[in-house]
Amino acid sequence: LFYTALNVLTNNVSREGHQLLRLLHSYLELDSLIGLDAHTKRTLEMIEEELLVFRNELKVCINFHLKTDWNFPKIHLWKHVVRDIQMKGAVHNYSTRPNEKMHGALKDAYQDRSNGKDVAVQILRVDHHRLAMKLIRDRIDAEVERATAESVAQDHENSDVGDGIEKDILTSFEGHVKLGAPRPLKAIQEITARHASQPEFQNFHQKFTTFVNKCLLVYLNRDPNSWVDLSFPETFQVHFAKPVALV
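Enquirer: Can you help me understand the overall build of the protein chain in this one?
Expert: Looking only at helices and strands, the protein chain has nine helices and two strands in total. Looking at the protein chain alone, contacts between residues at least 24 apart form 62% of all its contacts between residues at least 6 apart. By element, 54% of the accessible surface of the protein chain is carried by carbon and sulfur atoms, the whole surface being about 18700 Å².

This is the structure in structure tokens:
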């Protein structure tokens, strides 16, 4: 699109458009130079020279009133880019671009599980819960796999299969393992009544229902279209481990 526009937005056709192309040309030059994997004294000099060109072209664009505010973050950061490269190395060493796709779960936690205030603590709590659930699931899967392998090996042994068959190396947990809640079942109305003085337990019934229908599918990475909303009577019993702050 840029190279096509060079033949269209000439200075005679549109002075403003032609000036934007000049600015864009300098911008692309700078972006290419700054993004190099390695720098030398000469490349840093080229960046400084092109920065002067870019600033001059930018001043002309400002005079055309093409944009009300040109002081957006990337333009501001370029003011110090040569110094930053000299102190920290090539910019790809401290770019946030490689990790952008890793923030999806945190973004979902911010949108779906925070109230917009003190979000760091809330997001980290959700991330901790998600990882804890994943750990529990991985351990359950490992135990199922171990038990299945043990059963298959036992079947082979009982059926007098030849000794040449290699037995699977079974993995198991160390010590005793018990999967279950640390405390007995309690009804939702009992939990609400017992913690009535705590603000975070107000509307506990509604919060619990919302968590199951809206948040649990995010933790489990399920398709919302395949999730059926559930309703719970106040007599519904849950394993209540300890009081927690509800957002």
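Enquirer: Would you take a moment to explain the environment of C215 for this structure?
Expert: Turning to its location among the elements, C215 is positioned in helix α9 (residues 204-219). Of the residues examined, C215 reaches a relative accessible area of 6% and is grouped as buried. Aside from chain neighbours lying at most four places away, what touches C215 is D112, R113 and T210.

Enquirer: So what exactly am I meant to see when it comes to the environment of L131 here?
Expert: Tracing the backbone through its elements, the reader meets L131 in helix α7 (residues 119-158). Along the sequence, L131 and Y219 sit 88 residues apart, while their C-alpha atoms lie 9.0 Å from each other.

Enquirer: I would appreciate a short explanation of the pattern of salt bridges in the present structure.
Expert: This model, assessed by the stated rule, comprises 10 salt bridges. Salt-bridge contacts for E150 lead to R146; the nearest nitrogen and oxygen are separated by 3.3 Å. Within this pair, E150 and its partner R146 are both found in helix α7, separated by four residues, close to a single helical turn. Note on E150: relative accessible area 39%, which makes it partly exposed. Taking the relative accessible area as the measure of exposure, R146 reaches 17% and is therefore buried. Overlapping salt bridges bring together R42, E45 and E49 as one network.

Enquirer: Explanation requested: the nonpolar core in the structure shown.
Expert: Side chains that are nonpolar tend, in soluble globular proteins, to be buried together. In this structure, L30, I34, I47, F54, W78 and V81 are the most contacted members of the largest nonpolar core, which totals 16 residues. Those elements giving two or more residues to this core turn out to be α2 (15-34), α3 (41-63) and α5 (81-88). No other element matches the six residues that α3 contributes to this core. Excluding its chain neighbours within four sequence positions, the residues that come into contact with I34 are H39, I47, W78, V81 and V91. Counting eight residues, the second largest nonpolar core, distinct from the first, contains I188, I191, F201 and F232.

Enquirer: Can you walk me through the packing of aromatic side chains in this structure?
Expert: Aromatic rings in a pair are described by how distant their centres are and how their planes are angled relative to each other. Counted by the stated rule, this structure contains six aromatic pairs. Ring geometry for F208 and F236: centres 6.3 Å apart, planes at 35°, overall tilted. Highlighted residues: F208 in helix α9 and F236 in the loop between α9 and β2 (237-239), separated in sequence by 28 residues. Ring centres 4.8 Å apart and planes at 55° place the aromatic pair F232 and F236 in the tilted group. Grouped by ring-pair contacts, the aromatic residues F201, F204, F208, F232 and F236 constitute a single cluster.

Enquirer: For this particular structure, what's the right way to read α5?
Expert: Because an α-helix completes one turn every 3.6 residues, residues spaced three or four positions apart along the sequence face the same direction. Within α5 the residues assigned to the buried category are V81, V82, D84 and I85. Angularly, the buried residues of α5 cover 160° about the axis, an arc narrow enough to put them on a single face. Exposed residues pointing more than 90 degrees away from the buried face of α5 are listed as Q86 and M87. Among the residues trailing α5, G89 stands out with phi positive, at a value near 95°.

Enquirer: How do you make sense of unusual backbone geometry when you look at a structure like this?
Expert: The general pattern is negative phi for most residues beyond glycine and trans for most peptide bonds. The backbone of D118 sits at a positive phi, close to 50°, despite the residue not being glycine. When you line up the elements, D118 lands in the loop between α6 (104-113) and α7. Phi is positive for N203, which is not a glycine, with a value near 60°. Here N203 shows up in the loop between α8 (188-194) and α9.

Enquirer: What am I meant to see in the packing of α6 against α9 here?
Expert: Axis angle and axis distance: for two packed helices, these are the angle between their axes and the distance between the axes, and together they describe the pair. Direction vectors running N to C along α6 and α9 enclose 175°, while the axes themselves pass 11 Å from each other. In terms of orientation, α6 lies roughly antiparallel with respect to α9. Each of D108, D112 and R113 in α6 lies in contact with α9, whose residues at this interface are F211, C215, V218 and Y219. Taken together, the residues that form the contact of α6 with α9 break down as four nonpolar, no polar and three charged.

About the cut-offs
Residues numbered from 1 in each chain as written. Predicted model: local features only at pLDDT ≥ 70, side-chain atom pairs only at ≥ 80, totals over all residues. Heavy atoms only, no water. Helix = DSSP H or I, 4+ residues; strand = E, 2+ residues; numbered from the N terminus. Contact = heavy atoms within 4.5 Å. Areas by Shrake-Rupley, 256 points an atom, 1.4 Å probe, with all protein chains shown as cover. Buried < 20%, exposed > 50% of the residue type's maximum accessible area, 1.4 Å probe, protein only. Salt bridge = Lys/Arg side-chain N within 4 Å of Asp/Glu carboxyl O. Core = buried A, V, L, I, M, F, W, Y, C linked by side-chain atoms within 4.5 Å. Phe/Tyr/Trp six-rings, centres within 6.5 Å; stacked < 30°, edge-to-face > 60°. Arc of directions from axis to C-beta. Axes fitted to C-alpha atoms, helices over the stretch in contact; angles between N-to-C directions. Parallel < 35°, antiparallel > 145°, perpendicular 65-115°, else oblique. Nonpolar A, V, L, I, M, F, W, Y, C, P; charged D, E, K, R; others polar.

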